[in-house]
Amino acid sequence: MCTQEFFQAQRSQLVGQLALRSLENFESILDYLLSWEVLTWEDYESVSLPGQPLSTLARRLLDIIWNKSGQSCELLFAAVKKAEETEEQTEPPRLWSQDVASPAQDLQRHRPVIVRKIYGHVEGILDLLLERGFITKYECDEIRLPIFTSSQRARRLLDFAKVKENGVAQFLLQHVHQLPVLPAPFPDATACQKYRAKLKATVSAQSRFLSTYDGTENLYLEDIYTENILEVRKGGGGGGAPGQKGCDTVELPDIFSDSGCVNEHADTVLLVGEAGSGKSTLLQQLHRLWATGRLFHRFLFVFPFSCRQLQYVDKPVSVKTLLFEQCCWPDEGQQEVFQYLLDHPDRVLITFDGFDEFKFKFTDRETHCSPTDPTSVQNLLFNLLRGNLMKNAKKVLTSRPHAITPFLRKYVRKELGLKGFSQEGIELFMRRHHSEPGLADRIVRLLKATSALHGLCHVPVFSWIVSRCHKELLQRGCGSLKTTTDMYLLILRHFVMHASPGAAAWGPGIPFLRPWLPTILRLGRLALWGLGTCSYVFSAKQLWASGVEEEDLSLGFLVRSKSFSQESSASLEFLHITLQCFFAAFYLLLGADVSASALRRLFHHHKKPSRSLARRFPVSCLQAPEPEEAEEASVSGLLQKAEPHNVQITAAFLAGLLSREHRGLVTQCQGASSPLPQKQTLVRRCLALALRRHFQSIPPAVPGEGKSMHAMPEFVWLIRSLYEMQDERLAREAVSKLGVGHLKVTYCNIGPAECAALAFVLKNLQQPVALQLDYNAVGDVGVEQLLPCLPVCHALYLRDNNISDLGICRLVDQALQCEQFQKLALFNNKLTDDCTHSLASLLKYKQNFLSLRLGNNHITAVGAKVLAEGLKGNDSLQCLGLWGNKVGDEGARALASALHDHPSLKWLSLVGNNIGSLGAQALALMLEKNVSLEELCLEENHLQDEDMCALVCGLKKNSSLKILKLSNNSITLQGVSALLQVLEGNATIKSVWLRGNIFTPEEIEQLSLMDARLLL
Ligand SMILES: Nc1ncnc2c1ncn2[C@@H]1O[C@H](COP(=O)(O)OP(=O)(O)OP(=O)(O)O)[C@@H](O)[C@H]1O
Ligand SMILES: [Mg+2]
């Protein structure tokens, strides 16, 4: 028997169930409820308001039903079930008996069946009604709105008939009775099935191979796909409550789950990652899993698009032409198939890869709702993302971070960040690429021995480079490989060797590049022109126009562009956009017509590029301007118009090519009158100037606090460019006068490579700094990279950085040698008891150490005991944070006993640590003896009144504690009464937090009046 109570208990589940399904499903439930007279017409109108989020309507419906009888609740469950059956139902609907006395009533009573019967005939019926004068043209248009599905139009028609008292209901009833019964819910299911099969086959073929960049082999994606760390961002920018995690990792199959949803009304899942972090590969894997029937079964249709390709669609497109002409053409029943897609948007997934390569900036200025009317490709894309088109169809958009504006984020359902491979991931990747016995082991050993290279390998594209160039690496060792430029030169060498196998072995001093210089410059010219016109795909004509020759292609850096479109002709692209930037950098450095002054633009690129050049220029590859034409716009013009992020990558490569390490190589290639020395001087000067400007823009210190700086996005890039240049003197000069006490680089995608660059520059600081790197992807390898700058850090904040015991043990080893190092924050990492010995030695041997925060890790009683031993030998620590670990009673006892006579600890947090009576008693005893502790945080444990009484006993003899936090325990009025007695005679205590314990509202009021220090 379904009672109202049971209904209420099921409420959140029901809301989820109703809101997660389609609007179609919800309306079908309403049909049943109307027909059974559970809902009145007023009720129905209040839950069928167009434009309202489904979840709001669902909640409203449940409120209405709840206020009715228990039987209504039962009927709601029945309607949900019926609607489900109806979705699967394939047999023709039953006929109904007709009651001519009250046609409007009759329409309502048989509503579910009538909707089923007329949904395929609404157009014809409307024409008929118009002809007979039952309806006006305007009313017809209202019902016909393209945003409605066929069944929704049928319902709007019935709603219209219900309220119009002009005989239309009677007419409709008679007419409907004569209509032929539709054979199946969807007019031509076979066409849909055939289309689905064709789409699957297409997507399966497209996603099967990961074509390797040198074009020599095709790898099965299945064989080499390696898990990539995927994090879901909770809200923007770390504004969460203290202690709340910034990110959670998720697995690919769960990317559409509701966890991490920031806007339940939006359909778009945003996948953000730096260049080469594996976004396209992850999407390809998603497509493959769907096409091979392994996952994502909820989608009947998946349409993959690449933004790079889409922007070349130069004619107006509708949803229909987009899906059919740009992705997969239905060989029969186009109309039926399209109608099915419109009627079942929740079964459709559309993916757009590489939004950063889309030359049009996101805007929500122009609204376009008609799925059949054509519009510009960008307007179509933006309206799809906004949900004006194909509402409820899921969309996945991938992009590098710089292209995502707050504007676009408004329409994002959830945001995922790709963090690259874990350490195990790198190993797995190498093993998947090299099955020869022992080879993968040798590569992995080599990597582990070279932490700078290991750090780079967290970015999948670098793992790929290492994997491809393993021969060269194993041959010469990789000790000298530090920078990204080193890596790209390595791959260049690899390709050169590959293209000229007969050439002499290379080595230091052998001018391996010179024979290929003309090729490199031709590719570089094309690359630069492409960046400047936001063109990443090149037609044969464009290649020819920039002088690219057959032998240049044989080098293997230009590969056939992948395209899902049936229209686009064969075209080529650089195998990765970062390689396009790399070649552009070569050209900027060695191109005969590039003056030194043109390079200034690389470092003064503040303006967003005007998209006008791109708009005036190629909409289709073949109509694009020739490179010579674009050259007239001059090199600095191209740099000005290129995407700023690509300019930054190019600038970093240029700096790298000018490093001492590579100067010899570049000099071998320069022409007689090349302005190389001028270029070098200019780049040095520009970099130093840009950094100085950056530092000068930091606001002065707040009185009483050290000068603090929050890194701007440009900061990380400048630091990376400096690192690429490997110019110690420049690094020294850049920061020598920087008087900042706190450097904050949070949420900046700092991985191991960025850590190496930061350390390279920051180690030259004259004054100690607090370095805050919270919410990045530092990892153990990044920690290792940071070590050189530890001597100038007095504090290091590494919250939420995927660090394990290994990384911390290395850090502590180094920290023991660093006199100034005093604070370490490691909230939300992967620490276990295994690192506590190391941390204990930090406490024991570093007698000026002040603060250790270890919240939300995996430390148990075992680790707490080890830490307690460290504490016994320590007399400097002021803060110890263990929030969200599992130290339990035993751990609390060990820590408490170590603190009896600790002279300095002021703040101890044991929030959420499964502490009960035994722990509380030990802490009470500690309070009796301890004379330094000022704040004790015990929220979210299992403390009861008797534990409160114990703590009260401790407090009686305590004279230092100012704040006692006991929120979210199981304390009642009785426990607080005991506390009140001790508070009377204790003026030191400033507040006792008691929210979330067991009090009635009256008790709360009464207690607040008794002592204002109780926070209830
Ligand atoms: N999950 C993975 N498993 C195996 N290899 C991968 C994976 N992800 C990326 N790679 C390798 O790294 C290369 C670069 O990845 P991908 O092209 O997907 O990066 P991206 O994030 O799309 O870069 P961009 O921002 O430039 O578009 C791939 O060609 C592949 O060799
Ligand atoms: Mg990509």
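Read on for a plain summary of the structure. Not measured: the values here are computed from a predicted model.

**Thoughts on the environment of Leu75**
Item 1. Counting through the fold element by element, Leu75 comes out in helix H6 (residues 70-88).
Item 2. As for Leu75 and Leu33, which are separated by 42 residues in sequence, their C-alpha atoms are 7.4 Å apart.
Item 3. Those residues in contact with Leu75 that lie beyond four places of it in its chain are Leu33, Trp36 and Val38.

**Points about the packing of aromatic side chains**
Item 1. Taken as a whole and assessed by the stated rule, the structure comprises 37 aromatic pairs.
Item 2. Considering the side-chain rings of Phe462 and Tyr488, the 5.9 Å spacing of their centres and the 80° angle between planes classify their relative orientation as edge-to-face. In this pair, Phe462 is assigned in helix H24 (residues 460-468) and Tyr488 in helix H26 (residues 484-499), connecting sequence segments 26 residues apart.
Item 3. Residue Phe462 is classed as buried on the basis of its relative accessible area of 8%.
Item 4. Summarising the aromatic geometry, the rings of Tyr488 and Phe582 are spaced 5.6 Å apart at their centres and angled 55° between planes, so their arrangement reads as tilted. In this pair, Tyr488 is assigned in helix H26 and Phe582 in helix H30 (residues 577-590), connecting sequence segments 94 residues apart.
Item 5. For Phe582, a relative accessible area of 0% puts it in the buried group.
Item 6. The ring of Trp290 carries the charged tip of Lys200 above its face, separated from the ring centre by 5.4 Å.

**As for the pairing of strand S8 (residues 394-399)**
Item 1. The buried fraction of S8 is high, at 6 of 6 residues.
Item 2. For strand S5 (residues 268-272) and S8, the ladder comprises 5 bridges, and the chain directions are parallel. When the bridges of S8 are listed, Thr268 appears paired with Lys395.
Item 3. Note: strand S7 (residues 348-353) against S8, 4 bridges, orientation parallel. Across the sheet, Leu349 pairs through a bridge with Lys394, a residue of S8.
Item 4. In the classification by handedness, the crossover that spans S7, the intervening helix H19 (residues 377-386) and the parallel S8 is right-handed.

**Some remarks on helix H9 (residues 122-131)**
Item 1. Along H9, the positions that sit buried rather than exposed are Val122, Ile125, Leu126 and Leu129. The arc that holds every buried residue of H9, seen down its axis, measures 100°, which confines them to one face.
Item 2. Tucked inside the fold, the buried residues of H9 contact helix H8 (111-118), helix H10 (137-144), helix H11 (150-163) and helix H12 (168-178).
Item 3. Positive phi appears at Gly133, one or two residues downstream of H9, with a value of about 80°.

Reading the values: rules and limits
Residues numbered from 1 in each chain as written. Chains lettered and ligands numbered in written order. Predicted model: local features only at pLDDT ≥ 70, side-chain atom pairs only at ≥ 80, totals over all residues. Heavy atoms only, no water. Helix = DSSP H or I, 4+ residues; strand = E, 2+ residues; numbered from the N terminus. Contact = heavy atoms within 4.5 Å. Phe/Tyr/Trp six-rings, centres within 6.5 Å; stacked < 30°, edge-to-face > 60°. Buried < 20%, exposed > 50% of the residue type's maximum accessible area, 1.4 Å probe, protein only. Lys NZ or Arg CZ within 6 Å of the ring centre and 35° of its normal. Pairing = 2+ DSSP bridges. Right-handed = clockwise from strand over helix to strand, strands pointing away. Arc of directions from axis to C-beta.

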